[in-house]
Amino acid sequence: MWVSKNSGLDSWKKIPNSKIAGSIQDFAVADTDTVYALDSATGQGVSKTTNAGASWGETKEPTDKTVLGSYMIYLAPGGDIYYGDSAGYICYSRDGGATFTRGSDYGSLPSNAGIQITADPDYETNGLIYAGVGTDVKRGKYAGSPTTIHDTLPYPVTGIAA
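*Asks:* Teacher, can you tell me more about the overall build of the protein chain here?
*Replies:* Looking only at helices and strands, the protein chain has one helix and 13 strands in total. When the helices and strands of the protein chain are listed from N to C terminus, the series reads β-β-β-β-β-β-β-β-β-β-α-β-β-β. Out of the 162 residues belonging to the protein chain, those deemed buried represent 41%. Counting contacts in the protein chain only where the partners sit at least 6 residues apart, residues at least 24 apart contribute 38% of the total.

*Asks:* What should I look at first to understand the sheet that holds strand 5 (residues 45-49) in this one?
*Replies:* Strand pairing in a sheet takes place through backbone hydrogen bonds and is either antiparallel or parallel in direction. Judged by pairing direction, the sheet is antiparallel, and its three strands sit side by side in the order 3-4-5 without closing on themselves. Edge positions in the sheet fall to strand 3 (24-29) and strand 5, since each of these pairs with one other strand and no more. Recorded for the sheet is a direction-independent mean angle of 25° between the axes of neighbouring strands. Here five bridges tie strand 3 to strand 4 (residues 35-39), and the two strands are oriented antiparallel to one another. Residue Val29 lies in a different strand from strand 4, and its bridge partner there is Val35.

*Asks:* What is the right way to read the nonpolar core from this model?
*Replies:* A general feature of soluble globular proteins is that nonpolar side chains tend to end up buried together. In this structure, Tyr74, Tyr82, Ile90 and Ile117 are the most contacted members of the largest nonpolar core, which totals 13 residues. No other element matches strand 11 (residues 128-133), which puts three residues into this core. If near-sequence neighbours (up to four positions away) are discounted, Ile117 is found in contact with Met72, Tyr74, Tyr82, Tyr83, Gly84, Ile90, Ile129, Tyr130 and Ala131. Judged by nonpolar contacts, the second largest core, of nine residues, contains Tyr36, Val46, Ile73 and Phe100.

*Asks:* Got a minute to help me understand unusual backbone geometry in this structure?
*Replies:* Most peptide bonds are trans, and most residues other than glycine sit at a negative phi. One non-glycine residue with positive phi stands out, namely Ala52, at about 60°. One can find Ala52 in the loop between strand 5 and strand 6 (73-75).

*Asks:* When you look at the side chain of Ser93 in this model, what are you seeing that I'm missing?
*Replies:* Tracing the backbone shows Ser93 in strand 8 (residues 89-93). Within the structure, the side chain of Ser93 is placed 2.8 Å from the side chain of Asp95, a separation counted as a polar contact. There is a polar contact of 2.8 Å between the side chain of Ser93 and the backbone oxygen of Thr99. When sequence neighbours within four positions are dropped, the list of residues in contact with Ser93 reads Gly79, Asp80, Ile81, Ala98, Thr99 and Phe100.

*Asks:* Explain the confidence of the model for the protein chain to me, please; I cannot follow it from the model alone.
*Replies:* Close reading of the predicted structure is inappropriate where its pLDDT is low. Overall, the prediction assigns the protein chain a mean pLDDT of 75, with 67% of residues at 70 or greater. Mean pLDDT across the secondary structure elements of the protein chain bottoms out at strand 13 (residues 148-153), with 58, and peaks at strand 6, with 90.

Basis of the calculations
- Residues numbered from 1 in each chain as written.
- Predicted model: local features only at pLDDT ≥ 70, side-chain atom pairs only at ≥ 80, totals over all residues.
- Heavy atoms only, no water.
- Helix = DSSP H or I, 4+ residues; strand = E, 2+ residues; numbered from the N terminus.
- Buried < 20%, exposed > 50% of the residue type's maximum accessible area, 1.4 Å probe, protein only.
- Contact = heavy atoms within 4.5 Å.
- Pairing = 2+ DSSP bridges.
- Axes fitted to C-alpha atoms, helices over the stretch in contact; angles between N-to-C directions.
- Core = buried A, V, L, I, M, F, W, Y, C linked by side-chain atoms within 4.5 Å.
- Polar contact = N/O pair within 3.5 Å; in protein donor to acceptor, adjacent residues only side chain to side chain.
- pLDDT = per-residue confidence, 0-100.

In C-alpha cells, the structure reads:
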C-alpha cells in the first residue's frame, strides 16, 4: 500500500506494516481521513484507515461464511458499507466496518462476475440497494432484517443515479 500527500503529483510513500494481505481491488472514501479498502486476498474483506492512509487496520470479513472474489465496495448514505462476492452474495457492515455479515443470496446473480452496487435515492428511509451484473439488476434490502428481494428490474434500467 502506498500513499501520496500531494494528490499523487510527484511523491508516494510506502505505508510500513500495512495490514492488507493481498492487493487492493477497490476503495470507498468516507471523508478526508476515513477510507475503506477492499482486499482481494484469499478470504476477502475490508480494511479501514482513520488517519488518511498513514496506517490501516486488520482486514475484516464476514465471520459466518467465506467470501469469494470481491470486486467493488460501496459506501451508502448514512455509512453502511456493501460489497458483493463472485458467488452472488452481498456482504454488509452497519457499524463502520467493525464487523461484516454475508447476506442471503442476492437472487441468482451470475456467479464469477463482479457485482456492482448503488443505493436507492431514498436509501436512508427505505434501505434499498440496487445490485447487478451485466443486464441482470435487482433491487432489495440487504442490511439488517428482514432481508428481502423486492424485484428484478427490466433492462435497460433507467433513473438510478450512482
